[in-house]
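Close look at the chain arrangement
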Amino acid sequence: MNSTRRTGGSGTRRRRVAAAATAVAAAIAGVVALSGFHQQLREIDPPGSDSASEVAGTDRVGIRTFTPPEGIVVDADLEYGVREDGTLLTLDVCHPVAPAAPVAADATAGGVAAAPAVAAAPAEAGASADAVPSLPAVVSIHGGSWQRGDKANTDWRNVCRWLASEGFVAVSVNYRLVPDAVFPSAIDDVALAVEWLRQPEQFERFGIDPARIGAFGGSAGGSLAALLGTSGEGALDAGSRVAAVVELSGPVGLGADELAVDGASVWLRSIIAAYLGCEPGVDDEGCPQAVDASPATHADESDPPVFIGHAEDEIVPLGQSQRLADQLTSAGVPVEFAIVPGGEHSIGILDEALRVRVAAFLHEHLG
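Residues numbered from 1 in each chain as written. Predicted model: local features only at pLDDT ≥ 70, side-chain atom pairs only at ≥ 80, totals over all residues. Heavy atoms only, no water.

Time to look at the environment of I308. Among the structural elements, I308 can be located in strand β7 (residues 306–311). Spatially, the C-alpha atoms of I308 and V335 are 7.4 Å apart, while their sequence positions differ by 27 residues. (Helix = DSSP H or I, 4+ residues; strand = E, 2+ residues; numbered from the N terminus.)

All right, on to the sheet that holds β7 then. The strand order across the open sheet built from eight strands is β1-β2-β4-β3-β5-β6-β7-β8, with neighbouring strands paired in mixed fashion. At either margin of the open sheet sits one strand with a lone partner, and together these are β1 (73–82) and β8 (335–340). The mean inter-strand angle of the sheet, taken between neighbouring strand axes irrespective of direction, is 20°. Here strand β3 (residues 135–141) pairs with strand β4 (residues 169–173) via five bridges, running parallel. Within β4, the position partnered with A137 by the bridge is V169. This element, helix α4 (residues 185–197), spans β1, β2 (88–95), β3, β4 and β5 (208–218) of the sheet and lies at about 110° to β1. Packing of helix α10 (residues 318–330) onto the sheet brings it into contact with β6 (244–248), β7 and β8, and relative to β8 it is tilted by some 165°. (Pairing = 2+ DSSP bridges. Axes fitted to C-alpha atoms, helices over the stretch in contact; angles between N-to-C directions. Contact = heavy atoms within 4.5 Å.)

This part is about the packing of α4 against helix α6 (residues 220–230). Packed helices, taken two at a time, are described by the angle their axes make and the gap between the axes. It is the contact of α4 with α6, at a shortest axis distance of 10 Å, that shows an interaxial angle of 65°. For the pair α4 and α6, the sense of crossing is right-handed. Residues A186, I187, V190, A191 and V194 of α4 pack against L224, L227 and L228 of α6. Among the residues forming the contact of α4 with α6, the class breakdown is eight nonpolar, no polar and no charged. (Left-handed = near helix turned anticlockwise from the far one by under 90°. Nonpolar A, V, L, I, M, F, W, Y, C, P; charged D, E, K, R; others polar.)

Turning our eyes to something else, we now look at the pattern of salt bridges. For the structure on display, the rule yields ten salt bridges. D303 is the partner of R241 in a salt bridge, and the nearest nitrogen-oxygen pair spans 2.6 Å. Placement of the pair is R241 in the loop between α6 and β6 and D303 in the loop between α9 (289–292) and β7, with a sequence separation of 62 residues. Given a relative accessible area of 4%, D303 falls into the buried group. Between R357 and E336 there is a salt bridge; the shortest N-O distance is 3.0 Å. (Salt bridge = Lys/Arg side-chain N within 4 Å of Asp/Glu carboxyl O. Buried < 20%, exposed > 50% of the residue type's maximum accessible area, 1.4 Å probe, protein only.)

So, on to the packing of aromatic side chains. Taken as a whole, this structure holds six aromatic pairs when the rule is applied. Linked through ring pairs, W146, F183 and Y275 together constitute an aromatic cluster. (Phe/Tyr/Trp six-rings, centres within 6.5 Å; stacked < 30°, edge-to-face > 60°.)

This brings us to the environment of G367. By the secondary structure assignment, G367 is in the segment after α11 (352–366). For G367 and R212, which are 155 residues apart along the polypeptide, the C-alpha to C-alpha distance reads 7.6 Å. Among all residues touching G367, those that are not within four sequence positions of it are P136, R212 and L362.

Here helix α3 (residues 154–165) spans 16 Å end to end across twelve residues, near enough to the 16 Å set by a 1.5 Å rise per residue. Most of α3 is tucked away: nine of the twelve residues are buried. For α3, the set of buried residues is D155, W156, R157, N158, V159, C160, W162, L163 and A164. Buried residues in α3 make contact with β1, β2, β3, β4, β5 and α11. The N-cap residue of α3 is N153: its side-chain oxygen and the backbone nitrogen of D155 are 3.0 Å apart. Where α3 ends, the next residue or the one after it, G167, has phi of about 95°, a positive value. (Expected span 1.5 Å × (residues − 1). Polar contact = N/O pair within 3.5 Å; in protein donor to acceptor, adjacent residues only side chain to side chain.)

We now examine the confidence of the model for the protein chain. Looking at the protein chain, the pLDDT average stands at 83 and 76% of residues meet or exceed 70. Predicted confidence for residues 1–51 stays below pLDDT 50, and this span has 100 contacts to residues more than four positions away or in other chains. Confidence drops under pLDDT 50 across residues 100–131; counting only partners more than four residues distant or on other chains, this segment forms 29 contacts. (pLDDT = per-residue confidence, 0-100.)

Another point: the state of the cysteines. A covalent bond bridging the sulfur atoms of two cysteines is what the word disulfide describes. Within this structure, the stated rule accounts for two disulfides. Covalently, C94 is tied to C160 through a disulfide, its sulfur atoms 2.1 Å apart. Handedness of the C94-C160 disulfide follows from its S-S torsion of about 120°: it is right-handed. Here C160 lies in helix α3 and C94 lies in strand β2, a separation of 66 residues in the sequence. Grouping residues by exposure puts C94 and C160 together as buried. (Disulfide = S-S within 2.5 Å.)

Another point: the nonpolar core. Core analysis: the biggest nonpolar cluster contains 62 residues, and L91, W146, L224, Y275 and L276 have the highest contact counts within it. With eight residues, α4 is the largest single contributor of residues to this core. Ignoring sequence-local partners within four residues, the contact set of L91 consists of D75, A76, D77, L78, Y80, K151, V171, S172, V173, A193 and W196. Within the second largest apolar cluster, 33 residues are counted, among which are V340, L354, V358 and A359. (Core = buried A, V, L, I, M, F, W, Y, C linked by side-chain atoms within 4.5 Å.)

Spelled out as C-alpha cells, the structure:
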C-alpha cells in the first residue's frame, strides 16, 4: 500500500503512529482482557469449494439463515488487476433485484398484483450512465486467516447475494494470500479493487455511484475492511477510499501488547505473525508492520463511519473490537458497536437480527 493511500506525508505518519501508540497504551489499560476460544479454526478446503469458509461446521447459523431471492445476477471471476508476479486478481459482482415497474390502475383490475421484480441488467461497457440506476456498491472481503478462503465459497457467495438483495451492487473480491504474499499485499489488492470500481467503464457497466462505495468484511476480511476505511485522507469518493465500513470479528489490534492483554491464543498470534511476515513472539520493535497493519493507527476524523460486530465469546477476543471502537471514537469517527451473544465467528454471527442492523447502517451512510 503506497503512502498516498495512508497519510499526507512522512511527518504526518510519524505523528499518527506516535499518537496511535499512546492511544493503544491508554486503551489497553481500560479494556477488560477477554480470552475468547483458544482453539484453531478448522482446516479449509481449496478455494472455490463449498466448505472453504471460516464458519466452522455445518450448522445453519449466521449468513446461512439467509435465503437469496430469485433473480439476482452474479457476474463471476471478473479481472480487476494483475500483479508483478503474474497473480491474476478477480472479483464477483452481484446485481440487485430491480423494483417492479409501476403498473397502471387498469392493469391491476380484478386484484391482480404487479409482476414479480426482475434482476437489474448491467449496462454494456460504454453505455450512458443515465441508462442504468445509480446504485451504492459494497466491496465484500472474505475471511480465512489471510491464508485461505475464497470469494465464491457458499457462505461468502451468500453474503454477496444478501447485499444485492438489499439494493447494493455487491463486489466480492479475492486477494493474495499467505504464505505467497504478506502485508501489505492483501490490503493493496483490496484498495486496487475499489480503484477499479471507480473507473468510468465500471460504474457505467454496473450502474454504480462512485461516491457511494462501502466495505464489508469478516475475520481477516474484517481487519482488511477496517484498514481500508482508515487508510488515506480527505474525500471518501476518490481513489481507494470508502464511505462506510462494516467489520465483523476482525483481528484489528495486531501489536504484541494488545494481543497479550487480550489473552490472544497462540494460534491467533501465529496467523498474525505469518500475515505480517514476522517471527512469532517478537515485540512491536521487531515487527514494526504490526502497527501499520492495525486500522486505528491511521484513524482520523476524515474517516468513514464504522460498524463493528463481535460475539461475546469467540476465537478473536472481544477486547480487539472494543479497543478499536474506543480508538475510532476518540479520533472522531462515528462508530456503531454490536456485541452479540454466543461464540460464533465472523459471518457466523450474521443472523437475521444483525443483518437488519448492518443493512440499516449501510443504507444510512451510503444512501
